Structures are given as structure tokens and as C-alpha cells.
Amino acid sequence: MPSSRKCVLPGCDHVQNRSVSLFKFPKNQHIKKRWINFVKSHLDGELRITSNTRLCSDHFTQDSFINFRRRQLGFTDNPLLLVNGAEPTIYCLGQTTGAIIGSACPPMSSLPATRETECQCDNMQKVTREVGCQTDLFVGKTTVATQLSKNTDSQAMVATKSVAVGNTTSKLLPLCSSTTLKRKAVSPDRPPKRSLLEFPSFQESVISLNMADPDDLLSMSESVDTTSEQAPTKPPQDMVKYLIFEECLLELFQICPSCSRVCKVIKFVKGTFLSVTQKCLHQSCSYTREWKSQPLLGSSPAGNLHLSAAVYYTGSSFIQTNKVLNAMHVRTISRMTHRNHVHNYILPSVLHKWRSHQTDLLEGLKQSETVSLGGDMRADSPGHCAKYGSYSMMDLSTSKIVDIQLVQSNEVESGVRMEKEGLIRSLEFLEKSGVKVASLVTDRHTQVQKFVREQKPDIDHFYDVWHLCKALTKKMDAMSKEKDCNKVKMWRKSIKNHLYWSASSSSNGEETVAKWTSLLNHIQNVHVHENPLFPKCLHPPSTDKNKWLKPATKAIYKLEKVLMNKRVLGDVKKLSPLHQTSALKGFHSVILRFAPKNVAFSYLGMLCRLYLAALHFNENSGRTQARTAAGELQFKIKFPKAKRGEHAVSMAKTKYSTEYVTELTDILFNEVIQDPAPFVADMKAVAVPGFPCSQYEQL
């Protein structure tokens, strides 16, 4: 049933609705008497105050409300609330709240298209100057962007001004104490509300600053250079941002550009967003101006969302970023707001971008006759207690990641089975996508060997040389510490090089085994062999007689047992002659930047961070070797921990790029924010396993 209460002021028939609020008369007798006197001044008959007597919000100024700024910016739909001691001062029929600020106003039909001021001082010299407008037109308020210095005579402000407001130009005649100001009437045009991107508990503050007595005139310069600027045409993500100090910014709003008096400044802060309202308190001026530090996306500041996106897309830590910003006293968003942005908007954009990128890669693989892939798993923590195992599949001809499968530990019987499960899922996905795998290079995982041998006999399965070399090196290091085996350490590097040479220089597995078994004769200074596939060594004669091992010694016996056992020979036979998975190890090091092992992530969070790492790796996989200014190739020397003090020389690559971050940001602002429903639906379609502890009952 609609309410019968309406505004008691004659000629005002407003009832309670979304844009207008009705207020009871206050209980404080002093304030209540002022309300009654205001109504009686516009009432011919007798005023009777009852419990249903109401006065609407259109008769109060903007600063009479606690939450006016929040409603105007779209941050809340709650009714307007009066501050303690608020008094009605506006008798203006048909206007919205805060449309015209003053003690009285004429009807709308009498408002002229331009505003003029009349002054009785006829002997003053008139000066005209332009003032730039750089913000949107607000209802009943003139928006002027100018900074006025404090070094001028106050008389210079009593002049005619040409002010650009929106698309109209109005004239300001000489000002004096008896000035009457008329303003252009503009109908309110409030943009439609959108769902909040922030948590309701986000940090907010509204601070009112009274700079000085508004009746005190400040000296101002006679000539001020101001320029008119057009409304920004760039999207929020492409706009340049600056670090601005608060005190320096608020200096621009201290002085009224109309009458040169000191203004009241109201500041509203929400994360990185700052809104400043400048109000002249002089009765003859009532100048009002509003300024925002960044665009709004519906009802949420664009800078807050852009900060969350920039942190996540680059693989940075929000906690560490906040520490830096807080150390500099820079206003920023809360952790809960960041999590809300990530879950509702950023994760769907990452999924969309990766699937689009993956589709392009698969289309190229479909057209290839022979597809050679490399697969390897990375655990999110060392040991056998990993929660996640991510299996990555790489196209070895282009060194690009084509698929990533994330396996949670409770989806398999034990952690050691996650690698096999990841391989099965990846091969099934590639087969459904129409990709025919010709060869596969992996490590020597026994479960993977058995699966490919029994379930995928049409795929040529090879082993990566590095994994076998690493296993043999560990055993040789332990052997060299034993008595009478110290010479083995001298041959460690030569044995590793021989393993790589045997694999890369052979046309089949039998030839690889023949070259590898010749090693045992070679280290005993015997360079002619019985195997016809490799009858003799190819190196020139050596004159160093101290490096050879003597036959029938402990060192020879131990080496033969380690290097020539049945399993090692079987693995040597299947070593990859062309492609290795060393690039996959490089990809795993990139994952550490986006998903460190000392941080726990949710399933979707871990999956999207793996996708980000893949996007970064694929974009920079084709980097060339850097050159000096003279055109010479550059190299770099590293001392990896695994080499235990030994150096390694590698090519110095050109600087990496992050174009994928720009593309992700464009998707976020141009597509996801505009219509997030389909993107969120795609994210919810991802099969997320339950928590690892969900299979246990709580006692």
C-alpha cells in the first residue's frame, strides 16, 4: 500500500521514493522551531505539526546529509540521512537534492540559459579571461579547472569572466557584496547503477576541511594561464597514472575561482579513489565544483580494479605490494577487496585468454604431420607431500606450452601417481582436440613407461638425457669418495659429455648403446671395440698416461656396475636423439615467479597462475641472442648451485616482453566488466576437486 505522507511545504507534493527522502521534524525544540519558521515563511495559513508531518530532502543543502556523496557516486542505495542540527534552507519546487544551493531560488521557468552577476559599482574596469573546464557538468554546479595564486589584489577579481561549462559559455559580470547569482537549470542525469566491485567493509573516509573564514578575501593574480581540456577519450587501463601528494593536490581547491574567497573542501576516499568537492560558503557566490581522481566503472573506481589486475597478471604478491605502498603512505585497497576482484573478474579473464591462446596453438599442431611433445610434472612442494602436481606438455619444435593439467593429491591414490594421471589427462585432451602425437619425450618415470608401452604403442617414447645423466652423476659422486676410487671424479664430466654425444650422434637405439658401452674400454686406454656398430674411438691419440684407469681395479668394477647395468642400458637405448625437455625445466623456473612453493593457493588460483606462467613463457620462447652496440653476440657466465662452484656459459637473451598483460587488461576492462556472466559461467564449469581433508569424517 503506497504511503500517504508527503512534504508539508506548499506546492511540494514529493513522497518517499528512491530519489527523495522524507524527514520527521526534530525533537530538539530549538532546531524544530527553525524548521517551523522556514515552513511558515512559505505558508499562508496555519501550520499544524503532527506525527505524520514530513519535510522532503529537496529543501536541504548537500552538506546537510551524512551519505549524500556516497549516493551521488553510486556506492549506496540507502535513503539520505540528515546530520545533527541540519536546517532547511531551500524553497525550490521541482528540483532534486542539491541541484541548487542557496537560501531561496526562483522557479525553473525563470532560470536563464546563462548566469550573470549584477554589481552596483559602475566605475570598475572589466577584464575578460577564459577558464578551462575538464570535468563533466553536474546538476546546478559549475565545474571549473583552474589554479589561482595568492599574489593578486582582491580587486582584480571584480571583473567579467567568460566561463566554459559543458557546451555552453556564460558571462560573469563584476562581482561585489550585493551580487545575485543565477544558474543554468539542468535536469539530473544519473548513470545506472552496477553491481559493486568492492566489499562493503572496505576502508572509506569522508573528511571535511574548513580552510579559513570564507569572508576573508585572498589576494589573486590579474592574469592566470588556463587551458581547456576535452573529456578523456582513452580507456582507463591506457591512461597514464601519477603519484600525487595530498597537500599539493588540495592546494588547487582552496580558493574560489568566482569570488577569490577560501572554500570548504570535502574529501572522499575509497582505496586509490579520491573525490574532492569544493564549495564556496559565501552567500553571494555558492560556487560548487566536483573532481574525481579516476573514472568509475559503474559504481566502482577503475584504479582499484586496475591495481588488483596489475598485481595478479604480473605474478606479483599483493601482500608485498601493499607493504611498499603502505611504507610510502599511498592509499590502496584492502586484501579482501583484492580477493573479490580476483575471484569475480580476474580469474575468468585469465581462463578466457588461455583458452583462446591454446586454441590457436592446437590449430597449428593439427596441420603438422609429426608432432613431438615433451612432458614433465612439477610438484608445488618438495618431497612426497605435495598438494598439487602440474603436468605440462610442450611442443618441442616451437618450445611452447600447449597444455597444462593440474592434479590434486586426493584425486589419485598417492602423490607418486600424480605424474601418470597428468599425462593421461593431457593425452586425452590432445586426442579430443584432433592432435596426433608422433613422439613423446619424458623422464624415466616407471609408471609413465608402462602406460605408454601398453596403452599408447603408436607413440614413440623417448627419455630425456638430463634425467639419466643426473642419476648417474649422483652415483659417481658417491663412488669417488670411496677408497681407491678418487680417479672417478676426474672422469665425471667426460662421462656426462659422452652420454649426450652418444644420444645426439646416433640414428637408432642400438647405435646409442654401442657408443655408450665403448666408454668402459676407453677409460682403460683401449680404443678398439668388439661391437661393429662402433668399432673404434673417433678421437686422436692422447699423450696423457696418468688419467687412465687400470684394469681389474675397484674403480673399474664400481663403474661397470653403475654405468653398464641392465636398466641403464635399457634407458640409454631409448634416449632422445633430437629433442630434450630442458626447455620444460626453464618453464618450471618461470612458474616459481607466479606460484612460489612457499605460498598456498586454491585450485582455481593455482590453475590460473600456471596459465599466466605459460602465457609469459610462450610469448618469450622465441627471444634471440642479444648483441652489443658493435653487433657482437653477448654471453653470460653463471654459477648454478647444482654445479657446486663450477661455471656455466649461456647466451644472453634480449629483454622479455609482457604483451599478454596488456591483452589481459583489455579483456578485463572491455569484456569481462561489461558482461561478466558468461566469463563467470565458464569459470564455474571447471571441475574443482574437493578439499584433501573432505574424505575424512570429523570426530
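Reading the values: rules and limits
- Residues numbered from 1 in each chain as written.
- Predicted model: local features only at pLDDT ≥ 70, side-chain atom pairs only at ≥ 80, totals over all residues.
- Heavy atoms only, no water.
- Helix = DSSP H or I, 4+ residues; strand = E, 2+ residues; numbered from the N terminus.
- Buried < 20%, exposed > 50% of the residue type's maximum accessible area, 1.4 Å probe, protein only.
- Contact = heavy atoms within 4.5 Å.
- pLDDT = per-residue confidence, 0-100.
- Phe/Tyr/Trp six-rings, centres within 6.5 Å; stacked < 30°, edge-to-face > 60°.
- Patch = residues over 30% accessible without salt bridge, like charges linked within 9 Å, V, L, I, M, F, W, Y side chains within 5 Å.
- Areas by Shrake-Rupley, 256 points an atom, 1.4 Å probe, with all protein chains shown as cover.
- Salt bridge = Lys/Arg side-chain N within 4 Å of Asp/Glu carboxyl O.
- Core = buried A, V, L, I, M, F, W, Y, C linked by side-chain atoms within 4.5 Å.
- Expected span 1.5 Å × (residues − 1).

## A few points about the overall build of the protein chain
Secondary structure assignment for the protein chain yields 17 helices and 18 strands. Taken across its 699 residues, the protein chain has 45% of its residues classed as buried. Counted over contacts in the protein chain with a minimum sequence separation of 6, partners at least 24 positions apart contribute 67%.

## Focus: the confidence of the model for the protein chain
Per-residue confidence for the protein chain gives a mean pLDDT of 80; residues scoring 70 or more make up 78%. Here residues 94–230 is a poorly scored stretch, pLDDT under 50, and it has 314 contacts once near neighbours within four places are set aside; other chains count.

## What to know about the packing of aromatic side chains
Tallied over the full model, the rule gives 13 aromatic pairs. Ring geometry for Phe-60 versus Phe-65: centroids 6.1 Å apart, planes at 70°, classification edge-to-face. For the pair formed by Phe-60 and Phe-65, the shared burial category is buried. Aromatic pair Phe-587 and Phe-617: ring centres 5.5 Å apart, planes at 65°, arrangement edge-to-face.

## Remarks on unusual backbone geometry
The phi dihedral of Ser-286 falls on the positive side, at around 55°, and the residue is not glycine. Secondary-structure assignment places Ser-286 in the loop between β8 (273–279) and β9 (288–292). Ser-286 gets classed as buried once you look at its relative accessible area, which sits at 15%.

## Concerning a nonpolar patch on the surface
A contiguous nonpolar patch, built from Leu-633, Phe-635, Ile-637, Phe-639, Val-649 and Met-651 and spanning about 650 Å² of accessible area, is present on the exposed surface. The set of elements that each furnish at least two residues to the nonpolar patch consists of β17 (635–638) and β18 (648–651). Turning to its location among the elements, Val-649 is positioned in strand β18. Among the residues examined, Val-649 registers a relative accessible area of 54% and is labelled exposed.

## Points about the side chain of His-467
Take His-467: it is sitting in helix α9 (residues 465–480). By relative accessible area, His-467 is classed as buried at 16%.

## Examining the nonpolar core
Grouped together as the largest cluster of nonpolar side chains are 50 residues, with contacts concentrated most on Tyr-312, Tyr-313, Val-350, Ile-401, Phe-587 and Leu-668. When residues of this core are assigned to their parent elements, the largest contribution, 12 residues, is made by helix α15 (residues 603–620). If we ignore the near neighbours within four places in the chain, the residues touching Val-350 are Tyr-312, Tyr-313, Cys-608, Tyr-611, Leu-612 and Leu-664. Formed by 29 residues, the second largest nonpolar core is a distinct cluster that contains Ala-503, Trp-516, Val-562 and Leu-563.

## Brief notes about the pattern of salt bridges
Under the defined criterion, the tally for this structure stands at 21 salt bridges. Residues Glu-421 and Arg-425 are paired through a salt bridge, measuring 3.0 Å at the closest nitrogen-oxygen approach. Here Glu-421 and its partner Arg-425 are both found in helix α7 (residues 418–432), four residues apart, which amounts to about one turn of the helix. Overall, the relative accessible area of 24% leaves Glu-421 in the partly exposed class. One salt bridge connects Asp-477 with Arg-492, and the closest N-O pair in it is separated by 3.3 Å. Remark: Arg-492 occurs in helix α10 (residues 492–504) and Asp-477 occurs in helix α9; sequence separation between them is 15 residues. No difference in accessibility class separates Asp-477 from Arg-492, as the two residues are buried. A network of salt bridges, in which partner residues are shared, links Arg-69, Glu-290 and Lys-292.

## Notes on α7
Here α7 spans 21 Å end to end across 15 residues, near enough to the 21 Å set by a 1.5 Å rise per residue. Those residues of α7 not exposed but buried are Met-418, Glu-419, Gly-422, Leu-423, Ile-424, Ser-426, Leu-427 and Leu-430. On the buried face of α7, the contacting elements are α6 (335–366), β12 (371–379), β13 (388–395), β14 (400–408), β15 (437–442) and α8 (446–455). Count one or two residues on from α7 and you reach Gly-434, which has phi positive near 90°.

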